[in-house]
Amino acid sequence: MGGGIGQAISSLVQRDSANHHTVLCLQKPEKDRFIRLCQQSGRTVLCEPSQTCLTEQVAHSDVCIIHWWGHPVMAQMFANFPAVPIRGVLWSHVNGLYYPWLSPELVEPTAAVFLTSSCSLEAAMWQQQPALVNKAQVVFGLGDLSRMHPPSHRSWHDGPIRVGYVGSFVKSKMHPDFVDLCERILRIEPNLRFVLAGDPREYAWIVQQARSRGILSAFELAGYVEDVPALLSSLDIFAYPLNP
């Protein structure tokens, strides 16, 4: 609930007033913004529930949606999952083409599996277990796009070109040559600023490399930003330099 998945979940439960939603967080997130948004809209959020609480909530639910991305705490939950019948939906937030990937043991007991990308169906598990493909549906887990502001009408000559990224900066997600790419771009277009929005602890390695290369002045360190739509509307280019 602290990052992109938290935004997707909070957007879903806030907008669905026809049903009652209870969100169970197996770990307390570092950022509680999306928890607060859920609670402000009258939704129940329970962090680090006990085994007894987990059993009660699961047993009394009509549908139990499990948001999965291969986290060790999630694996522990499965190992100790309550022995009660459920209508379970597994919502995978990783593409499954590389580790972590779904297994038949996870998929078989479910009523349905939601994938966030159609490319996930190319994973070996689906190819080896064609009977399970009927359980799979592609559902894009987007946030509430109604909050997005129209892009600001800026001229390229109003100031430096602003290239921004919003999200996680951990090395498992970011391109390992990110700073090198930025340096190459600056040689071509020096009138440019790279805007980094996210946890400052995560982009500390970027700051260190940029400082050692003498290009730190080209970076705008926005830190954790709650009003992401406003930030995006101030950018000229949104870049998404993922780890290949």
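Our structure is the block above this text.
Let me begin by describing the structure that accompanies this report. Fair warning: this is a prediction, and the values are worked out from it, not measured in the lab. (Residues numbered from 1 in each chain as written. Predicted model: local features only at pLDDT ≥ 70, side-chain atom pairs only at ≥ 80, totals over all residues. Heavy atoms only, no water.)

## Considerations on the packing of aromatic side chains
Remark: the centre distance and the inter-plane angle together describe each pair of aromatic rings, the angle taken between the planes. We apply this condition: What counts as a ring pair is set by centres within 6.5 Å for rings of Phe, Tyr and Trp (its six-membered ring), and what kind of pair is set by the plane angle: stacked under 30 degrees, edge-to-face over 60, tilted for all other angles. Between buried and exposed lies partly exposed: a residue is buried under 20% and exposed over 50% of the maximum accessible area for its type, with that area taken using a 1.4 Å probe on protein chains only. Each helix corresponds to a stretch of at least 4 residues labelled H or I by DSSP, and each strand to a stretch of at least 2 residues labelled E; elements are numbered beginning at the N terminus.
Evaluated as defined, the whole model comprises 8 aromatic pairs. Geometrically, the ring pair formed by Y99 and W101 is edge-to-face, given 5.4 Å between the ring centres and 90 degrees between the ring planes. Each member of the pair, Y99 as well as W101, is classed as exposed. An angle of 35 degrees between the planes, with centres 5.3 Å apart, marks the rings of F194 and F219 as tilted. Of this pair, F194 sits in strand β8 (residues 192-197) while F219 sits in strand β9 (residues 219-223), placing them 25 residues apart in sequence. When sorted by exposure, F194 lands in the same class as F219, which is buried. Put simply, the rings of Y165, F169, Y203, F238 and Y240 pair up and form one aromatic cluster.

## Description of a nonpolar patch on the surface
To be explicit about the condition: Patch criteria: residues need more than 30% relative accessible area and no salt bridge. Like-charged residues are merged within 9 Å; nonpolar side chains of Val, Leu, Ile, Met, Phe, Trp and Tyr are merged within 5 Å. The Shrake-Rupley method, run with a 1.4 Å probe sphere, supplies the accessible areas, and residue values consider only the shown protein chains as cover. Should a side-chain nitrogen of Lys or Arg be within 4 Å of a carboxyl oxygen of Asp or Glu, the pair is scored as a salt bridge.
Side chains of F238, Y240 and L242 sit close together on the surface and give an oily, nonpolar patch of about 320 Å² of accessible area. With respect to the helices and strands, L242 occurs in the segment after β10 (237-238).

## Focus on unusual backbone geometry
With an omega dihedral of 0 degrees, the bond running from Y99 to P100 counts as a cis peptide bond. In this structure, P100 sits in the loop between β4 (88-92) and α5 (104-107). Here E48, not a glycine, exhibits a phi torsion of approximately 50 degrees, which is positive. Examined against the element boundaries, E48 turns out to sit in the loop between β2 (44-47) and α3 (51-59).

## Things to note about the pattern of salt bridges
Counted according to the given criterion, the structure contains 6 salt bridges. A salt bridge links E183 to R187, with the nearest nitrogen and oxygen atoms 4.0 Å apart. A residue pair is termed a helical-turn pair when its members lie 3 or 4 positions apart in one helix, as E183 and R187 do in helix α7 (residues 178-188) at 4 residues. Its relative accessible area of 17% is what places E183 among the buried residues. Taking relative accessible area as the criterion, R187 reaches 62% and is therefore assigned exposed. Among the ionic contacts, a cluster of salt bridges with common partners joins D180, E183, R184, R187 and R213.

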